[in-house]
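Chains, contacts and geometry: an overview
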Amino acid sequence: METPLTFKEAQKEVDAWISQFKEGYFPPLLMLARLTEELGEVARVLAHRHGKRPKPGEAEGDLAEELADLLFVLISLANREGIDLETAFRKAMAKYRERDKERWSRK
């Protein structure tokens, strides 16, 4: 079994992949368009799983693959903009823990 990646490791891996090409990272608005496209593919898979019938000959899709594609583009955008996702995620979790601590019914 592989050891899970940290956000830092994932960001380094994506950067190593993209850095081997002269074109480098896409501009921010193109990244946004790519994020939107990938999110649409996630939505399509979920719609197929939960009520919408695929068109004849159309596969349901692979949710894990689509989420990974979305994550790749998100990491690419973070790298391009110089954002440390590990730090940003920890900050977001602290915000949710404080803000929403009484919002939901605990198990």
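Residues numbered from 1 in each chain as written. Predicted model: local features only at pLDDT ≥ 70, side-chain atom pairs only at ≥ 80, totals over all residues. Heavy atoms only, no water.

**Focus: the pattern of salt bridges**
- A full pass over the atoms with the stated rule returns nine salt bridges.
- In this structure, the salt-bridge partner of Arg34 is Glu38, at a minimum N-O distance of 4.0 Å. Here Arg34 and its partner Glu38 are both found in helix 2 (residues 28-49), four residues apart, which amounts to about one turn of the helix.
- Here Asp100 ties to Arg99 by a salt bridge, and the two come within 3.0 Å at their closest N and O atoms.
- Accessibility expressed as a relative area gives 14% for Asp100, which makes it buried.
- One connected set of salt bridges, linked through shared partners, spans Arg99, Asp100 and Arg103. (Salt bridge = Lys/Arg side-chain N within 4 Å of Asp/Glu carboxyl O. Helix = DSSP H or I, 4+ residues; strand = E, 2+ residues; numbered from the N terminus. Buried < 20%, exposed > 50% of the residue type's maximum accessible area, 1.4 Å probe, protein only.)

**Brief notes about helix 4 (residues 85-99)**
- Helix length check: helix 4 (15 residues) gives 20 Å between terminal C-alpha atoms against 21 Å at 1.5 Å per residue, within 8%.
- With a side-chain oxygen lying 2.9 Å from the backbone nitrogen of Glu86, the N-terminal cap of helix 4 falls on Asp84. (Expected span 1.5 Å × (residues − 1). Polar contact = N/O pair within 3.5 Å; in protein donor to acceptor, adjacent residues only side chain to side chain.)

**Notes on the layout of surface pockets**
- For the largest pocket, the calculated volume is near 160 Å³.
- What lines the largest pocket is Trp17, Ile18, Phe21, Glu23, Gly24, Tyr25, Phe26, Met31, Arg34, Phe72 and Ser76.
- Put simply, the parts of the chain that give the lining of the largest pocket at least two residues each are helix 1 (7-19), helix 2 and helix 3 (63-80). (1 Å grid on protein atoms, 1.4 Å probe; cavity = no way out; pocket = protein on both sides within 12 Å on 5 of 7 lines; lining within 4 Å. Points joined across faces, edges and corners; volume = space filled by probe spheres on them.)

Geometric values such as these leave the question of function open.
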